[in-house]
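Working through the structure, step by step
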Amino acid sequence: MAKIPRRLRYWAIQLTRSSKSTGVLLIACTILSLLTNISFGETYLHLWGRENESLHHWGLPANIKEWINDGLMVLFFLVAGMEIKKEILFGELSSLKKAILPIVAATGGVLVPAILYLLCNKGTVFQSGWGIPTATDIAFSIGIMSMLGRRFVPEPLKIFLTALAIMDDLIAILLVAFFYGGAIQWMWLGCALVVVGLLYLLFRKSPRLRFLHIVGGMILWYCMFQSGIHATIAGVAFSLLIPVASMHPIEKFLQKPVNFFIIPLFAVANTCIPFQISLGTLLHSSLFWGITLGLFVGKVVGISLFSFLLIKLKWAFLPSCTNWRQFIGAGILAGIGFTMSIFIASLAFEASIVQEIAKIGILTGSFLSMIVGYLWLRHQ
(Lines give C-alpha, C1' and ligand atoms only; values in the text may rest on other atoms or scores of the structure.)
Protein backbone atom coordinates (compact mmCIF):
# COMPACT_ATOMS: atom_id res chain seq x y z
CA MET A 1 0.00 0.00 0.00
CA ALA A 2 2.90 2.32 0.67
CA LYS A 3 4.08 2.10 -2.94
CA ILE A 4 0.99 3.80 -4.39
CA PRO A 5 1.37 7.15 -2.56
CA ARG A 6 5.08 7.14 -3.40
CA ARG A 7 4.35 6.65 -7.10
CA LEU A 8 1.67 9.30 -7.05
CA ARG A 9 4.05 11.67 -5.33
CA TYR A 10 6.72 11.01 -7.96
CA TRP A 11 4.19 11.53 -10.77
CA ALA A 12 3.00 14.81 -9.25
CA ILE A 13 6.57 16.09 -8.92
CA GLN A 14 7.36 15.23 -12.54
CA LEU A 15 4.13 16.88 -13.67
CA THR A 16 4.88 20.15 -11.91
CA ARG A 17 8.37 20.22 -13.42
CA SER A 18 7.08 20.01 -16.98
CA SER A 19 6.68 23.32 -18.83
CA LYS A 20 3.85 21.78 -20.86
CA SER A 21 1.68 20.96 -17.84
CA THR A 22 0.53 24.55 -17.27
CA GLY A 23 -0.87 24.93 -20.78
CA VAL A 24 -2.56 21.52 -20.76
CA LEU A 25 -4.14 22.18 -17.37
CA LEU A 26 -5.24 25.65 -18.50
CA ILE A 27 -7.03 24.38 -21.59
CA ALA A 28 -8.58 21.46 -19.69
CA CYS A 29 -9.98 23.81 -17.02
CA THR A 30 -11.38 26.16 -19.66
CA ILE A 31 -13.15 23.37 -21.53
CA LEU A 32 -14.50 21.89 -18.29
CA SER A 33 -15.79 25.30 -17.22
CA LEU A 34 -17.56 25.88 -20.56
CA LEU A 35 -19.20 22.44 -20.40
CA THR A 36 -20.28 23.04 -16.80
CA ASN A 37 -21.57 26.45 -17.80
CA ILE A 38 -23.71 24.97 -20.59
CA SER A 39 -25.02 22.20 -18.31
CA PHE A 40 -25.84 24.21 -15.18
CA GLY A 41 -26.33 27.74 -16.55
CA GLU A 42 -27.49 30.31 -14.02
CA THR A 43 -26.59 28.17 -11.00
CA TYR A 44 -22.98 28.00 -12.15
CA LEU A 45 -22.86 31.73 -12.94
CA HIS A 46 -24.34 32.56 -9.55
CA LEU A 47 -21.61 30.55 -7.81
CA TRP A 48 -18.88 32.86 -9.10
CA GLY A 49 -20.77 36.12 -9.10
CA ARG A 50 -22.70 36.04 -5.82
CA GLU A 51 -22.18 39.39 -4.09
CA ASN A 52 -21.21 39.87 -0.44
CA GLU A 53 -22.43 43.30 0.69
CA SER A 54 -20.23 43.40 3.80
CA LEU A 55 -17.12 43.13 1.61
CA HIS A 56 -18.47 45.97 -0.56
CA HIS A 57 -18.79 48.04 2.59
CA TRP A 58 -15.07 47.64 3.29
CA GLY A 59 -14.12 48.45 -0.28
CA LEU A 60 -13.02 44.91 -1.11
CA PRO A 61 -13.87 42.57 -4.01
CA ALA A 62 -17.40 41.34 -3.38
CA ASN A 63 -17.48 37.93 -5.07
CA ILE A 64 -15.23 34.95 -5.82
CA LYS A 65 -14.55 36.00 -9.40
CA GLU A 66 -13.41 39.48 -8.34
CA TRP A 67 -11.12 38.00 -5.69
CA ILE A 68 -9.50 35.82 -8.33
CA ASN A 69 -9.13 38.54 -10.98
CA ASP A 70 -8.21 41.43 -8.68
CA GLY A 71 -6.57 39.48 -5.86
CA LEU A 72 -4.92 36.18 -6.77
CA MET A 73 -3.87 37.32 -10.25
CA VAL A 74 -1.68 39.97 -8.61
CA LEU A 75 0.70 37.11 -7.78
CA PHE A 76 0.82 36.12 -11.44
CA PHE A 77 1.71 39.70 -12.41
CA LEU A 78 4.29 39.73 -9.61
CA VAL A 79 6.06 36.67 -11.05
CA ALA A 80 5.79 38.00 -14.61
CA GLY A 81 7.12 41.39 -13.50
CA MET A 82 10.17 39.80 -11.88
CA GLU A 83 10.92 37.90 -15.09
CA ILE A 84 10.67 41.10 -17.09
CA LYS A 85 12.90 42.98 -14.64
CA LYS A 86 15.62 40.34 -14.90
CA GLU A 87 15.46 40.44 -18.67
CA ILE A 88 15.64 44.26 -18.70
CA LEU A 89 18.69 44.22 -16.44
CA PHE A 90 20.59 41.23 -17.78
CA GLY A 91 18.80 39.53 -20.66
CA GLU A 92 16.83 39.94 -23.84
CA LEU A 93 15.50 43.40 -22.96
CA SER A 94 18.77 44.82 -21.65
CA SER A 95 19.47 47.07 -24.66
CA LEU A 96 17.35 49.85 -26.15
CA LYS A 97 17.04 48.02 -29.47
CA LYS A 98 15.65 44.96 -27.71
CA ALA A 99 13.37 46.84 -25.29
CA ILE A 100 11.78 49.00 -27.97
CA LEU A 101 10.46 46.02 -29.96
CA PRO A 102 7.80 44.80 -27.49
CA ILE A 103 6.70 48.40 -26.86
CA VAL A 104 6.15 49.16 -30.54
CA ALA A 105 4.72 45.67 -31.20
CA ALA A 106 2.22 46.13 -28.37
CA THR A 107 1.22 49.51 -29.82
CA GLY A 108 0.56 47.89 -33.21
CA GLY A 109 -1.31 45.09 -31.46
CA VAL A 110 -3.66 47.67 -29.96
CA LEU A 111 -4.14 50.05 -32.91
CA VAL A 112 -4.84 47.57 -35.72
CA PRO A 113 -7.50 45.53 -33.82
CA ALA A 114 -9.21 48.76 -32.77
CA ILE A 115 -9.24 50.03 -36.38
CA LEU A 116 -10.51 46.69 -37.70
CA TYR A 117 -13.27 46.69 -35.09
CA LEU A 118 -14.33 50.23 -36.02
CA LEU A 119 -14.42 49.32 -39.71
CA CYS A 120 -16.85 46.52 -38.86
CA ASN A 121 -19.00 48.68 -36.57
CA LYS A 122 -18.82 52.12 -38.19
CA GLY A 123 -22.11 54.00 -37.72
CA THR A 124 -23.57 51.42 -35.32
CA VAL A 125 -24.37 51.56 -31.60
CA PHE A 126 -21.43 49.24 -30.99
CA GLN A 127 -18.70 51.78 -31.84
CA SER A 128 -17.86 52.32 -28.18
CA GLY A 129 -16.56 48.75 -27.90
CA TRP A 130 -13.43 49.43 -29.97
CA GLY A 131 -11.20 48.71 -26.96
CA ILE A 132 -12.44 45.13 -26.51
CA PRO A 133 -10.12 43.35 -29.00
CA THR A 134 -7.00 45.28 -27.96
CA ALA A 135 -5.90 43.17 -24.97
CA THR A 136 -3.66 40.09 -24.75
CA ASP A 137 -4.12 37.53 -21.99
CA ILE A 138 -0.70 36.68 -20.56
CA ALA A 139 -1.81 33.54 -18.73
CA PHE A 140 -3.30 31.82 -21.77
CA SER A 141 -0.74 32.93 -24.37
CA ILE A 142 2.26 31.94 -22.24
CA GLY A 143 0.46 28.74 -21.25
CA ILE A 144 0.19 27.67 -24.90
CA MET A 145 3.85 28.47 -25.46
CA SER A 146 4.74 26.35 -22.43
CA MET A 147 2.89 23.41 -23.99
CA LEU A 148 5.15 23.61 -27.04
CA GLY A 149 8.43 23.67 -25.12
CA ARG A 150 11.78 25.13 -26.14
CA ARG A 151 12.08 22.92 -29.21
CA PHE A 152 9.42 24.98 -30.98
CA VAL A 153 9.47 28.21 -28.95
CA PRO A 154 12.87 29.77 -28.11
CA GLU A 155 13.03 31.17 -24.59
CA PRO A 156 13.77 34.73 -25.88
CA LEU A 157 10.51 34.62 -27.88
CA LYS A 158 8.59 33.62 -24.75
CA ILE A 159 10.18 36.52 -22.87
CA PHE A 160 9.24 38.85 -25.74
CA LEU A 161 5.60 37.75 -25.66
CA THR A 162 5.49 38.15 -21.88
CA ALA A 163 6.86 41.69 -22.16
CA LEU A 164 4.47 42.49 -25.00
CA ALA A 165 1.46 41.12 -23.09
CA ILE A 166 2.28 43.11 -19.95
CA MET A 167 2.69 46.32 -21.95
CA ASP A 168 -0.47 45.45 -23.86
CA ASP A 169 -2.37 45.09 -20.58
CA LEU A 170 -0.98 48.39 -19.32
CA ILE A 171 -2.27 50.08 -22.49
CA ALA A 172 -5.65 48.39 -22.02
CA ILE A 173 -5.82 49.62 -18.44
CA LEU A 174 -5.16 53.18 -19.63
CA LEU A 175 -7.95 52.75 -22.19
CA VAL A 176 -10.31 51.72 -19.40
CA ALA A 177 -9.29 54.69 -17.28
CA PHE A 178 -9.61 57.35 -19.99
CA PHE A 179 -12.20 56.03 -22.47
CA TYR A 180 -14.61 53.84 -20.49
CA GLY A 181 -15.60 56.06 -17.62
CA GLY A 182 -13.22 54.51 -15.15
CA ALA A 183 -12.99 57.48 -12.77
CA ILE A 184 -9.55 57.58 -11.18
CA GLN A 185 -9.57 58.26 -7.44
CA TRP A 186 -6.56 60.54 -7.22
CA MET A 187 -6.31 60.42 -3.44
CA TRP A 188 -5.98 56.62 -3.47
CA LEU A 189 -3.57 56.76 -6.40
CA GLY A 190 -1.47 59.25 -4.44
CA CYS A 191 -1.51 56.89 -1.45
CA ALA A 192 -0.36 54.05 -3.72
CA LEU A 193 2.58 56.17 -4.92
CA VAL A 194 3.52 56.97 -1.31
CA VAL A 195 3.45 53.25 -0.45
CA VAL A 196 5.65 52.52 -3.48
CA GLY A 197 8.17 55.06 -2.17
CA LEU A 198 8.12 53.57 1.33
CA LEU A 199 8.52 50.04 -0.05
CA TYR A 200 11.48 51.19 -2.14
CA LEU A 201 13.20 52.50 0.98
CA LEU A 202 12.25 49.42 2.99
CA PHE A 203 13.68 47.02 0.42
CA ARG A 204 16.95 48.99 0.33
CA LYS A 205 17.37 49.58 4.06
CA SER A 206 15.84 46.34 5.43
CA PRO A 207 15.85 43.65 2.71
CA ARG A 208 15.26 40.82 5.21
CA LEU A 209 12.12 42.19 6.86
CA ARG A 210 9.84 40.08 4.63
CA PHE A 211 6.80 40.45 6.88
CA LEU A 212 6.87 44.23 6.44
CA HIS A 213 7.35 43.78 2.68
CA ILE A 214 4.24 41.59 2.51
CA VAL A 215 2.20 44.02 4.61
CA GLY A 216 3.35 46.91 2.42
CA GLY A 217 2.44 44.94 -0.70
CA MET A 218 -1.06 44.30 0.65
CA ILE A 219 -1.52 47.99 1.43
CA LEU A 220 -0.28 48.85 -2.07
CA TRP A 221 -2.81 46.39 -3.55
CA TYR A 222 -5.67 47.93 -1.53
CA CYS A 223 -4.75 51.50 -2.55
CA MET A 224 -4.48 50.44 -6.20
CA PHE A 225 -7.82 48.64 -6.00
CA GLN A 226 -9.49 51.75 -4.58
CA SER A 227 -7.80 54.07 -7.10
CA GLY A 228 -9.81 52.84 -10.08
CA ILE A 229 -6.70 51.44 -11.77
CA HIS A 230 -6.70 47.66 -12.21
CA ALA A 231 -5.42 46.15 -8.95
CA THR A 232 -3.05 43.73 -10.70
CA ILE A 233 -0.77 46.67 -11.49
CA ALA A 234 0.21 46.49 -7.81
CA GLY A 235 1.91 43.16 -8.59
CA VAL A 236 3.94 44.70 -11.41
CA ALA A 237 4.89 47.72 -9.27
CA PHE A 238 5.92 45.50 -6.35
CA SER A 239 8.05 43.28 -8.60
CA LEU A 240 10.02 46.27 -9.85
CA LEU A 241 10.92 47.21 -6.27
CA ILE A 242 12.33 43.79 -5.29
CA PRO A 243 16.17 43.68 -5.30
CA VAL A 244 17.56 41.21 -7.84
CA ALA A 245 19.25 39.18 -5.10
CA SER A 246 15.88 38.53 -3.44
CA MET A 247 14.01 37.50 -6.58
CA HIS A 248 15.02 33.85 -6.92
CA PRO A 249 13.56 32.56 -3.61
CA ILE A 250 10.34 34.51 -4.20
CA GLU A 251 9.99 33.14 -7.73
CA LYS A 252 10.70 29.60 -6.52
CA PHE A 253 8.06 29.93 -3.81
CA LEU A 254 5.35 31.35 -6.10
CA GLN A 255 5.98 29.54 -9.39
CA LYS A 256 4.01 26.34 -8.73
CA PRO A 257 1.03 27.91 -6.90
CA VAL A 258 0.69 30.43 -9.73
CA ASN A 259 1.03 27.90 -12.56
CA PHE A 260 -0.99 25.04 -11.10
CA PHE A 261 -3.62 26.80 -9.00
CA ILE A 262 -4.09 30.50 -9.68
CA ILE A 263 -3.99 30.46 -13.50
CA PRO A 264 -6.31 27.43 -13.89
CA LEU A 265 -8.71 28.91 -11.32
CA PHE A 266 -8.63 32.18 -13.23
CA ALA A 267 -9.48 30.32 -16.46
CA VAL A 268 -12.47 28.61 -14.85
CA ALA A 269 -13.83 31.81 -13.30
CA ASN A 270 -13.59 33.85 -16.50
CA THR A 271 -15.39 31.43 -18.80
CA CYS A 272 -18.71 31.73 -16.96
CA ILE A 273 -20.73 33.05 -19.89
CA PRO A 274 -24.42 32.26 -20.59
CA PHE A 275 -25.00 30.92 -24.12
CA GLN A 276 -28.48 32.15 -25.07
CA ILE A 277 -27.77 33.70 -28.49
CA SER A 278 -28.66 31.80 -31.66
CA LEU A 279 -25.97 31.06 -34.25
CA GLY A 280 -27.83 33.12 -36.85
CA THR A 281 -27.84 36.18 -34.59
CA LEU A 282 -24.10 35.83 -34.01
CA LEU A 283 -23.22 35.45 -37.68
CA HIS A 284 -25.20 38.58 -38.56
CA SER A 285 -23.72 40.65 -35.73
CA SER A 286 -21.09 43.25 -36.64
CA LEU A 287 -20.13 43.30 -32.97
CA PHE A 288 -19.27 39.58 -33.04
CA TRP A 289 -17.22 39.90 -36.24
CA GLY A 290 -15.48 43.09 -35.10
CA ILE A 291 -14.23 41.42 -31.93
CA THR A 292 -13.42 38.05 -33.50
CA LEU A 293 -11.49 39.55 -36.42
CA GLY A 294 -9.88 42.15 -34.20
CA LEU A 295 -8.38 39.47 -31.96
CA PHE A 296 -7.66 36.75 -34.51
CA VAL A 297 -6.52 38.93 -37.45
CA GLY A 298 -5.86 42.41 -36.09
CA LYS A 299 -3.47 41.32 -33.36
CA VAL A 300 -1.06 39.35 -35.53
CA VAL A 301 -1.19 41.92 -38.35
CA GLY A 302 -0.58 44.85 -36.00
CA ILE A 303 2.24 43.18 -34.08
CA SER A 304 3.95 41.77 -37.18
CA LEU A 305 3.59 44.92 -39.32
CA PHE A 306 4.83 47.37 -36.69
CA SER A 307 7.68 45.04 -35.77
CA PHE A 308 8.67 44.51 -39.41
CA LEU A 309 8.84 48.26 -40.03
CA LEU A 310 10.89 48.79 -36.88
CA ILE A 311 13.34 46.03 -37.81
CA LYS A 312 13.48 47.17 -41.43
CA LEU A 313 14.53 50.61 -40.21
CA LYS A 314 17.19 48.86 -38.09
CA TRP A 315 15.84 50.37 -34.89
CA ALA A 316 15.33 46.89 -33.42
CA PHE A 317 15.94 43.23 -34.21
CA LEU A 318 14.19 39.90 -33.68
CA PRO A 319 14.61 38.10 -30.33
CA SER A 320 17.69 35.88 -30.45
CA CYS A 321 17.29 32.33 -31.83
CA THR A 322 13.95 33.39 -33.38
CA ASN A 323 12.90 33.49 -37.03
CA TRP A 324 10.01 35.41 -38.62
CA ARG A 325 7.73 32.38 -38.74
CA GLN A 326 8.10 31.87 -35.00
CA PHE A 327 7.62 35.59 -34.42
CA ILE A 328 4.35 35.59 -36.39
CA GLY A 329 3.24 32.57 -34.34
CA ALA A 330 3.74 34.62 -31.17
CA GLY A 331 1.64 37.38 -32.77
CA ILE A 332 -1.17 34.90 -33.40
CA LEU A 333 -1.09 33.77 -29.76
CA ALA A 334 -1.30 37.44 -28.71
CA GLY A 335 -4.86 37.34 -30.06
CA ILE A 336 -5.93 35.39 -26.97
CA GLY A 337 -7.88 38.16 -25.24
CA PHE A 338 -10.05 36.75 -22.40
CA THR A 339 -9.74 38.66 -19.10
CA MET A 340 -9.21 42.30 -19.98
CA SER A 341 -11.32 42.01 -23.13
CA ILE A 342 -14.25 40.64 -21.11
CA PHE A 343 -13.70 43.36 -18.51
CA ILE A 344 -13.80 46.11 -21.16
CA ALA A 345 -16.91 44.54 -22.74
CA SER A 346 -18.73 44.77 -19.42
CA LEU A 347 -17.87 48.49 -19.24
CA ALA A 348 -18.59 49.31 -22.88
CA PHE A 349 -22.12 47.86 -22.98
CA GLU A 350 -24.93 47.77 -20.42
CA ALA A 351 -27.42 45.45 -22.16
CA SER A 352 -26.85 41.84 -21.09
CA ILE A 353 -27.57 40.44 -24.57
CA VAL A 354 -24.98 42.77 -26.13
CA GLN A 355 -22.46 41.75 -23.48
CA GLU A 356 -23.15 38.11 -24.27
CA ILE A 357 -22.49 38.62 -28.00
CA ALA A 358 -19.29 40.47 -27.14
CA LYS A 359 -18.09 37.73 -24.80
CA ILE A 360 -18.82 34.98 -27.32
CA GLY A 361 -16.84 37.00 -29.87
CA ILE A 362 -13.97 37.18 -27.38
CA LEU A 363 -14.11 33.42 -26.81
CA THR A 364 -14.23 32.72 -30.56
CA GLY A 365 -11.34 35.03 -31.45
CA SER A 366 -9.30 33.78 -28.50
CA PHE A 367 -9.84 30.09 -29.25
CA LEU A 368 -9.03 30.60 -32.94
CA SER A 369 -5.82 32.38 -31.94
CA MET A 370 -5.02 29.63 -29.45
CA ILE A 371 -5.54 26.73 -31.88
CA VAL A 372 -4.00 28.33 -34.98
CA GLY A 373 -1.10 29.77 -32.99
CA TYR A 374 -0.31 26.37 -31.49
CA LEU A 375 -0.48 24.60 -34.87
CA TRP A 376 1.54 27.35 -36.55
CA LEU A 377 4.40 27.04 -34.06
CA ARG A 378 4.13 23.25 -33.81
CA HIS A 379 4.47 22.65 -37.56
CA GLN A 380 7.07 25.23 -38.56
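Now for a look at the structure at hand. Since the structure is predicted, the reported quantities are computational estimates derived from the model, not experimental observations.

So, the packing of helix α16 (residues 338-348) against helix α17 (residues 352-378)
- With their axes 10 Å apart at the nearest point, α16 and α17 run at an angle of 160° to one another. Viewed along their axes, α16 and α17 adopt a mutual orientation that is roughly antiparallel. Between α16 and α17 the crossing geometry is right-handed. Here Phe338, Ser341, Ile342, Ala345 and Ser346 of α16 lie close against α17, whose contacting residues are Gln355, Ala358, Lys359, Ile362, Leu363, Ser366, Phe367 and Met370.
- Here the contact of α16 with α17 is composed, by residue class, of eight nonpolar, four polar and one charged.

As for the state of the cysteines
- Following the criterion strictly, the structure yields zero disulfides and no others.
- With no disulfide of its own, Cys223 lies 5.1 Å from the sulfur of Cys191, the closest cysteine sulfur.
- You can call Cys223 buried: its relative accessible area is 5%.

A closer look at empty space enclosed by the protein
- Using the criterion set out here, one finds two cavities of 30 Å³ or more in the structure.
- Roughly 160 Å³ of volume is contained in the largest cavity.
- In terms of lining residues, the largest cavity is bounded by 16 residues, among which Met73, Phe77, Asp169, Thr339 and Met340 are the most central.
- Among the elements of the structure, α5 (64-90), α7 (138-148), α8 (155-179) and α16 are those that each provide at least two residues to the lining of the largest cavity.
- Residue classes in the lining of the largest cavity are distributed as eight nonpolar, six polar and two charged.

Some points on helix α15 (residues 324-333)
- Within α15, seven of the ten residues are buried, which leaves it mostly tucked inside the rest of the structure.
- Regarding α15, the residues found buried are Gln326, Phe327, Gly329, Ala330, Gly331, Ile332 and Leu333.
- Two to three positions downstream of the cap, the backbone nitrogen of Arg325 sits 3.1 Å from a side-chain oxygen, assigning the N-cap of α15 to Asn323.

Conventions adopted
- Residues numbered from 1 in each chain as written.
- Predicted model: local features only at pLDDT ≥ 70, side-chain atom pairs only at ≥ 80, totals over all residues.
- Heavy atoms only, no water.
- Axes fitted to C-alpha atoms, helices over the stretch in contact; angles between N-to-C directions.
- Helix = DSSP H or I, 4+ residues; strand = E, 2+ residues; numbered from the N terminus.
- Parallel < 35°, antiparallel > 145°, perpendicular 65-115°, else oblique.
- Left-handed = near helix turned anticlockwise from the far one by under 90°.
- Contact = heavy atoms within 4.5 Å.
- Nonpolar A, V, L, I, M, F, W, Y, C, P; charged D, E, K, R; others polar.
- Disulfide = S-S within 2.5 Å.
- Buried < 20%, exposed > 50% of the residue type's maximum accessible area, 1.4 Å probe, protein only.
- 1 Å grid on protein atoms, 1.4 Å probe; cavity = no way out; pocket = protein on both sides within 12 Å on 5 of 7 lines; lining within 4 Å.
- Points joined across faces, edges and corners; volume = space filled by probe spheres on them.
- Polar contact = N/O pair within 3.5 Å; in protein donor to acceptor, adjacent residues only side chain to side chain.

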